[in-house]
Amino acid sequence: CSKPNVPVPGGNRIPGVAREQLFVQLDWEPHPLPAVFTLELRHMGSIFVNDTNTDAAPAYTVASLRPQFKRQQGPWELRALARLDNLTNRVYAGSVIVNEGNQRYFETAPGRSAFVGVELQRRFDCQRDVAFSCVHDGRYSTIDHVLVSEEFIVVLWFGGSSHAGLEPAKSL
């Protein structure tokens, strides 16, 4: 702390915590196309960066777009997705350093970025018989047999992201 004897007025906001946050996700599944198109909006209110509330990171809203395609073949499912974050390449403080002694509170968030990934999934069904019994007149009797399925899933995930070829964000 650069000034350890600074009085903090009562009623000040806690630094590093936004008063309001909002996340909205809209999914669209255009049947019969095996795809889901997702639009995400994320809003963060202003964030004070010190105990005295004399400086703050401004509020921001960013959008992301994510198309995902899937194909099922027997127990195998293949999913391919792409994601584009910060669609408008907005410059904003992605995080803050609370009460930083040199007053370098703000850390710039990444600009527009892209991610692609592939997921391969295999389902394994293991089935077994289970018998239900009841007691009637002091004797056990079987009333039904049920086939129970236990499902096991193995997932392989490959992905990567890049800022290459995308316009870099300006500094705060």
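Placed above this text is the structure.
Residues numbered from 1 in each chain as written. Predicted model: local features only at pLDDT ≥ 70, side-chain atom pairs only at ≥ 80, totals over all residues. Heavy atoms only, no water.

Another point: the pattern of salt bridges. By the definition in use, this model includes five salt bridges. One salt bridge in this structure joins Arg79 and Glu119, with 3.5 Å as the shortest N-O distance. In this pair, Arg79 sits in strand E6 (residues 76-85) while Glu119 sits in strand E9 (residues 113-136), placing the two residues 40 residues apart along the sequence. Residue classification places Arg79 among the partly exposed residues on the basis of a relative accessible area of 24%. When the shortest N-O distance is used, the salt bridge between Arg83 and Asp85 registers 2.7 Å. Note on Asp85: relative accessible area 23%, which makes it partly exposed. One network of salt bridges, in which partners are shared, links Glu40, Arg66, Arg83 and Asp85. (Salt bridge = Lys/Arg side-chain N within 4 Å of Asp/Glu carboxyl O. Helix = DSSP H or I, 4+ residues; strand = E, 2+ residues; numbered from the N terminus. Buried < 20%, exposed > 50% of the residue type's maximum accessible area, 1.4 Å probe, protein only.)

Attention now moves to the pairing of E6. Here eight bridges tie strand E5 (residues 60-73) to E6, and the two strands are oriented antiparallel to one another. Within E6, the position partnered with Leu65 by the bridge is Leu84. Here E5 folds back onto E6, and the loop between the two strands holds two residues, one of which, Gly74, carries a positive phi near 60°. (Pairing = 2+ DSSP bridges.)

Limitation: the analysis is restricted to geometry and does not speak to function.
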